[in-house]
Amino acid sequence: MKTRKILFSVVALLLFPVFLQAQYLRTSYFMEGTHYRLQLNPALSPEKGYINLPMIGALNASVYSSSIGMKDAVDIMKNTEDSRYFLSDDFMGRLSNQNTIDTNISTDIISVGWYKGKNFWSFNVGLRADIGVTVPKSMFQFMRNMDALDFSKVESFQKLNELVENQKMAVNTYTEMGVGFARSINSRLSVGGKVKMLLGIGNMEMNIHKISVKSNIVGYPSGVQWEDLTLEQLNGISGSAEIDVDASLISSSKGFDFRENEKGYIDEFKLNSKEKGFAGFGAAIDLGVAYKLTDRLLLSASVVDLGFINWSKNNTMTARSLVSRKYNLTNEEERAAFSDLINRGEVLNYELFGLKKEQQEQKNRNHKLASTVVLGAEYALLNDWLVLGGLYTARFAQTKTLNEITLSGNIRPKSYLNLSVSYSILQSAGKSFGLAAKVGPFFLGTDYMFLGDTSRSVNAYLGISIPLSGKKNKKADL
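In this report, the structure presented in the accompanying data block is examined.

The rules we used
- Residues numbered from 1 in each chain as written.
- Predicted model: local features only at pLDDT ≥ 70, side-chain atom pairs only at ≥ 80, totals over all residues.
- Heavy atoms only, no water.
- Phe/Tyr/Trp six-rings, centres within 6.5 Å; stacked < 30°, edge-to-face > 60°.
- Buried < 20%, exposed > 50% of the residue type's maximum accessible area, 1.4 Å probe, protein only.
- Helix = DSSP H or I, 4+ residues; strand = E, 2+ residues; numbered from the N terminus.
- Arc of directions from axis to C-beta.
- Pairing = 2+ DSSP bridges.

**Some remarks on the packing of aromatic side chains**
Then, in step 1: This model, assessed by the stated rule, comprises nine aromatic pairs.
Then, in step 2: Connected via pairs of aromatic rings, a cluster forms that spans Tyr36, Phe443 and Tyr461.

**Concerning helix H4 (residues 137–147)**
Then, in step 1: Regarding H4, the residues found buried are Met139, Phe140, Phe142, Met143, Met146 and Asp147. The buried residues of H4 all sit within an arc of 155° when viewed along its axis, so they share a single face.

**Notes on the environment of serine 62**
Then, in step 1: Tracing the chain through its elements places serine 62 in strand E2 (residues 59–65).
Then, in step 2: Note on serine 62: relative accessible area 13%, which makes it buried.
Then, in step 3: Between the C-alpha atom of serine 62 and that of asparagine 104, which follows or precedes it by 42 residues, the distance is 6.1 Å.

**Describing the pairing of strand E15 (residues 372–381)**
Then, in step 1: The side-chain alternation of E15 yields one buried face, formed by Thr372, Val374, Gly376, Glu378 and Ala380, and one unburied face, formed by Val373, Leu375, Ala377, Tyr379 and Leu381.
Then, in step 2: Bridge count between strand E11 (residues 297–311) and E15: eight bridges; the pairing is antiparallel. When the sheet's bridge partners are listed, alanine 301 is paired in E15 with leucine 375.
Then, in step 3: Sheet topology note: the E15/strand E16 (residues 386–396) ladder contains 10 bridges and is antiparallel. The residue of E16 that forms the bridge with glycine 376 is leucine 391.
Then, in step 4: A loop of four residues connects E15 with E16, the two strands running antiparallel in sequence, and leucine 382 in this loop sits at a positive phi of about 55°.

So yeah, pure geometry; function would need other evidence.
Take a look at the structure:
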């Protein structure tokens, strides 16, 4: 059925970022020989300076889903036409009222850190992307209900009442240029910070506030087809249908444009490759502290990515839709138009959304970054060779706050050899664990190991760096 094909394609488009795109690695937090933990706390300086290889020196990617597993997402991507998997009670039973997917990716083009006396300095230029999607359960329920209808029969028009609300998509991409500093105040206290300049590449926020489809027919004689109705019977029938859409779209990007069709509705998005540059500018800071409460117990806390990007009004476009279409079902042409619209899947078509460019004067807009709060505690054994750690993070992502508690065990006999195993409780529903290893210049880790089709959180971190001369001052440091 063409309706289902188009609906599945739209869902696949919304969920596609799942496979593309994370900002840091929790499992690395207590690995003293790595510098990657600086991304979570700028006060935790590494044992040596470093130079990361471009692009692959600090490549980090992840995905979090609040309800569906990887098998569900893969099946959505593969079966856009004839699969009935998404109509099953099994699939519907795993959905919550609001199903969120948050993904992000980060990589450094340039990244270097070095010691100067007691101070540790770092500098990086990197690319960052955050994507958040919210797909309500009502959308999948709508798909099931539409699949069961046959508009050649009168019964399909009676008491039809479908509502999809609060579907969202947010994308934020930018370049980061940062300078970091860390210093050991004494043998117990260390502080650190990082100042970042942000160059906005693109930002888009799309909200489908409401899609409502209603129809009803009163007084229709039982067992009679449309074409067999007498004039007297037709005069005794009353019936109407209505489709209401409330949607909004705002985008800030250099060279990005909304394309309108002949009816004036936005139905395509285009990027003009000839227009280059940044559409916004901003700033952010990271702040961190670590305190050695006893010879074995170290407490730490930080806030990272605390900042914003100001998007220029000259590179901002908005679109709005408040469309209400009404149909008289006793009129053959209007009845056919309504059923054709539903059967062609245009309830989720941009033309049906009725999005049109707003002609009002645009304004600069501020967009907050997805900042993260970090609290950590580690207990050292065997002369710091073995460390047990507990970490809490709260990341204020595009669609919701992502809380996580991570427990880890770490072996760090040498700066060139660190191993860690972790267990994160919340985002993976307790069904995954993490591993990380630093061997010489190579680092590889994950917080959420892929353990099968029901895995809801997956991430990976790859790092390759060249060590520099100069070491942490152990006498003055933690």
